[in-house]
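# Residue-level structure breakdown
As a plain string of letters, each chain reads:
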Amino acid sequence: MALLRCLAGHFRWMRRHAVCKLRVRHLDVFWTVTCEDAADTAMAFGAEMAAFNTLLALLQQSISVQSDRLWLEPDFTGTRRSERRVSFCLSACAVLMIGLAYRLWKDPLLQPQPETAQV
């Protein structure tokens, strides 16, 4: 959820500074929900389905979104975790895209975390 809030904040910044319209084309999402047991997976799936549908509705209100595949499914065994995929083409003016890339690069939430040494 923190990642979704972070990305939503960057898109709000982009919308506020956009001189031209933004377009998301060829949105392809395949995401699995996996937890420790089946009950937790089912509850998490319901919560994430609601969150993703709300996020998609908010995005469609502010920018043009054309999706090819939107797929969210529960994965009770965790075997399909490696198949997760999110891809899209984002169209905007070059200056705006450079500004967004800089914001994403400097965002502390999106920085790689150092691995802790285990003895």
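Read on for an overview of the structure. (Residues numbered from 1 in each chain as written. Predicted model: local features only at pLDDT ≥ 70, side-chain atom pairs only at ≥ 80, totals over all residues. Heavy atoms only, no water.)

## Some details on the sheet that holds strand S3 (residues 85-91)
For clarity, the cut-off: The rule for pairing is simple: two strands pair if DSSP sees at least two bridges between them. The way it works is that DSSP assigns letters per residue, a run of H or I at least four long becomes a helix, a run of E at least two long becomes a strand, and they are numbered from the N terminus. Here an angle of 0 to 180 degrees is reported between the N-to-C directions of two axes, which are lines fitted to C-alpha atoms, with helices fitted over the stretch in contact. Should any heavy atoms of two residues lie within 4.5 Å, those residues are considered in contact.
Here we have three strands laid out as an open sheet, ordered S2-S1-S3, and mixed in their pairing. In this open sheet, the two edge strands, each paired with only one partner strand, are strand S2 (64-74) and S3. Here the average twist between neighbouring strands, direction ignored, is 10°. Summarising the sheet, strand S1 (residues 23-33) and S2 pair through nine bridges and their orientation is parallel. Bridge pairing links valine 33 to proline 74 in S2. Against the sheet, helix H2 (residues 38-62) touches S1 and S2, its axis set at about 175° to S2.

## Concerning the layout of surface pockets
In plain terms, the rule: Using a grid of 1 Å spacing that covers the protein atoms alone, one calls a set of points a cavity when a 1.4 Å probe fits there but cannot get out, and a pocket when the set is open and has protein on both sides within 12 Å along at least five of seven lines; lining residues are those with an atom within 4 Å of a point. Grid points are joined across faces, edges and corners, and a volume is the space filled by probe spheres set on the points. Here the term charged refers only to Asp, Glu, Lys and Arg, the term nonpolar to Ala, Val, Leu, Ile, Met, Phe, Trp, Tyr, Cys and Pro, and the term polar to all other amino acids, Gly among them.
What the largest pocket holds in volume is close to 1200 Å³. Lining the largest pocket are 38 residues, with Leu4, Leu7, Phe52, Leu55 and Leu59 positioned closest to its centre. Among the elements that make up the lining of the largest pocket, the one with the highest residue count is H2 (eleven residues). Its residues assigned to classes, the lining of the largest pocket shows 30 nonpolar, four polar and four charged.

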